[in-house]
Amino acid sequence: MTAKNITWHQGISYEERISLRGQKGYTLWFTGLSGSGKSTIACALEELLLKKKYSVYRLDGDNIRFGLNKDLGFSEDDRNENIRRISEVSKLFADSCAISITSFISPYLKERNNARLLHEEVGLPFIEIFVDAPLHIVEERDPKGLYKKARAGEIKEFTGISAPYEKPVNPEIHIKSDENTIEESVDIIYKYLLDKKLL
Ligand SMILES: Nc1ncnc2c1ncn2[C@@H]1O[C@H](COP(=O)(O)OP(=O)(O)OP(=O)(O)O)[C@@H](O)[C@H]1O
Ligand SMILES: Nc1ncnc2c1ncn2[C@@H]1O[C@H](COP(=O)(O)OS(=O)(=O)O)[C@@H](O)[C@H]1O
């Protein structure tokens, strides 16, 4: 059931908030296979920005599934609901003039595009960061032993093995984590933000 009889209350605008806070808010949307390095790179970037005194917060797939999204599994519908909710949460952080970093596999193009639209329709920047690594590399890394379990059939609908991953078509930033070190990847993102006057 959807709510009726509700009215949007217009408070302080994003532009006013930027001038009062002195920082732009936006979403850095990481996407990629499990083990591609999203959380590792996002965490290092978050630390760098925090040390430079920016207001920044990271929403991480595994962590969010312990709380806000603990009612969701890994079917296509559940993943889409996972991403829909996080798109809304990230938009709120961005609107509050924080740098919101999301780190979710987010395997479906349509849901990632919806996340982008949700931001861009209200003038909030949305930067998609594709953390790309071939399946054989992430399977070798297998930091949580999940690929092994997926290959053995112990985990169903595992992204890259038994569930799809739709690659971004035109991401703002394309990182190849089998070629770039963690430090290089952070540097690529940092320079992009400087170049776009987002820092
Ligand atoms: N160049 C690299 N960039 C990023 N991570 C790397 C790199 N080389 C090796 N790694 C390692 O790969 C692993 C990536 O795991 P990480 O949890 O960051 O991936 P993820 O994409 O967030 O996965 P998940 O979706 O399962 O959370 C880490 O153990 C990290 O140390
Ligand atoms: N079937 C599965 N497919 C992918 N990741 C899984 C699966 N089961 C457990 N996981 C764990 O859940 C994390 C992925 O969660 P999300 O990023 O929240 O996924 S998403 O597809 O809905 O975006 C992975 O880091 C992995 O540790």
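Everything numeric here is computed off the predicted structure, so don't read it as measured data. (Residues numbered from 1 in each chain as written. Chains lettered and ligands numbered in written order. Predicted model: local features only at pLDDT ≥ 70, side-chain atom pairs only at ≥ 80, totals over all residues. Heavy atoms only, no water.)

Undergrad: Give a description of helix 5 (residues 109-120) that names residues and reports values.
TA: Taking 1.5 Å per residue, 12 residues should reach 16 Å; helix 5 reaches 16 Å between its end C-alpha atoms and fits that length. Considered for burial, the residues of helix 5 that qualify are E111, R112, A115, R116, L118 and H119. The buried residues of helix 5 occupy an angular sector of 160° when the element is viewed end-on, so they sit on one face. Close packing links the buried residues of helix 5 with strand 1 (26-31), helix 4 (76-95) and strand 4 (126-132). (Helix = DSSP H or I, 4+ residues; strand = E, 2+ residues; numbered from the N terminus. Expected span 1.5 Å × (residues − 1). Buried < 20%, exposed > 50% of the residue type's maximum accessible area, 1.4 Å probe, protein only. Arc of directions from axis to C-beta. Contact = heavy atoms within 4.5 Å.)

Undergrad: For the site of ligand 1, give the residues involved together with the corresponding values.
TA: Looking at ligand 1, there are 18 residues lining it, with S34, K38, S39, T40 and K144 nearest. In the environment of ligand 1, an oxygen atom lies 3.0 Å from a nitrogen or oxygen atom belonging to the backbone of G37. The backbone of S177 places a nitrogen or oxygen atom 3.0 Å from a nitrogen atom of ligand 1. In the complex, 77% of the free accessible area of ligand 1, which totals 640 Å², lies under the protein chains. Among the cavities detected, the one that contains ligand 1 is the largest pocket. It is helix 2 (residues 38-51) that provides the largest number of residues to the shell around ligand 1, a total of four residues. Tallied by class, residues from the shell around ligand 1 come to five nonpolar, nine polar and four charged. (Near = heavy atom within 4 Å. Polar contact = N/O pair within 3.5 Å; in protein donor to acceptor, adjacent residues only side chain to side chain. Areas by Shrake-Rupley, 256 points an atom, 1.4 Å probe, with all protein chains shown as cover. 1 Å grid on protein atoms, 1.4 Å probe; cavity = no way out; pocket = protein on both sides within 12 Å on 5 of 7 lines; lining within 4 Å. Sits in = over half its atoms within 2 Å of the grid points. Nonpolar A, V, L, I, M, F, W, Y, C, P; charged D, E, K, R; others polar.)

Undergrad: Residue-level account of the nonpolar core, with values.
TA: Core analysis: the largest hydrophobic core is formed by 21 residues, its most contacted members being L28, F30, L45, I101, I127, I129 and I189. For this core, the secondary-structure elements that each account for two or more residues are strand 1, helix 2, strand 3 (99-103), strand 4, strand 5 (173-176) and helix 8 (182-195). In this structure, I127 is in contact with Y26, T27, L28, W29, E172, I173, Y192 and L198, ignoring residues within four places of it in sequence. Listed in part, the nine residues of the second largest apolar core include V138, A150, F158 and Y165. (Core = buried A, V, L, I, M, F, W, Y, C linked by side-chain atoms within 4.5 Å.)

Undergrad: How would you sum up the packing of aromatic side chains? Please name residues and give values.
TA: This structure, assessed with the given rule, holds four aromatic pairs. Taking the centre distance of 5.5 Å and the plane angle of 15° together, the rings of Y57 and F93 count as stacked. In this pair, Y57 sits in strand 2 (residues 56-60) while F93 sits in helix 4, placing the two residues 36 residues apart along the sequence. For Y57, a relative accessible area of 45% gives the class partly exposed. (Phe/Tyr/Trp six-rings, centres within 6.5 Å; stacked < 30°, edge-to-face > 60°.)

Undergrad: Describe the packing of helix 2 against helix 8, naming the residues involved and giving the relevant values.
TA: Their axes nearest at 9 Å, the elements helix 2 and helix 8 cross at an angle of 60°. The pairing of helix 2 with helix 8 is recorded here as oblique in orientation. Handedness of the crossing formed by helix 2 with helix 8: right-handed. Packed against helix 2, whose contacting residues are T40, I41, A44, L45, L48 and L49, the element helix 8 presents I182, S185, V186, I189 and Y190 at the interface. Of the residues assigned to the contact of helix 2 with helix 8, the class counts are nine nonpolar, two polar and no charged. (Axes fitted to C-alpha atoms, helices over the stretch in contact; angles between N-to-C directions. Parallel < 35°, antiparallel > 145°, perpendicular 65-115°, else oblique. Left-handed = near helix turned anticlockwise from the far one by under 90°.)

Undergrad: Talk me through the confidence of the model for the protein chain; I want residue IDs and the actual numbers.
TA: Looking at the protein chain as a whole, its pLDDT mean stands at 97, while 100% of the residues score no less than 70. Predicted complex metrics record ipTM = 0.98 and pTM = 0.97. (pLDDT = per-residue confidence, 0-100.)

Undergrad: Can you tell me about unusual backbone geometry, naming the residues and giving the values?
TA: The backbone of N5 sits at a positive phi, close to 60°, despite the residue not being glycine. Relative to the assigned elements, N5 resides in the segment before helix 1 (14-21). Accessibility expressed as a relative area gives 80% for N5, which makes it exposed.

Undergrad: Before we move on, can you summarise the pattern of salt bridges with the specific residues and values?
TA: Pairing between side chains of opposite charge can happen when the charged atoms of each approach one another. As enumerated under the stated definition, the model contains 13 salt bridges in all. In this structure, the salt-bridge partner of E81 is R85, at a minimum N-O distance of 2.7 Å. Here the residue E81 and the residue R85 both occupy positions in helix 4, the gap between them amounting to four residues, near one helical turn. E81 sits in the partly exposed class, given a relative accessible area of 22%. Where salt bridges share partners, they join R112, R116, E120, E128 and E172 into one cluster. (Salt bridge = Lys/Arg side-chain N within 4 Å of Asp/Glu carboxyl O.)

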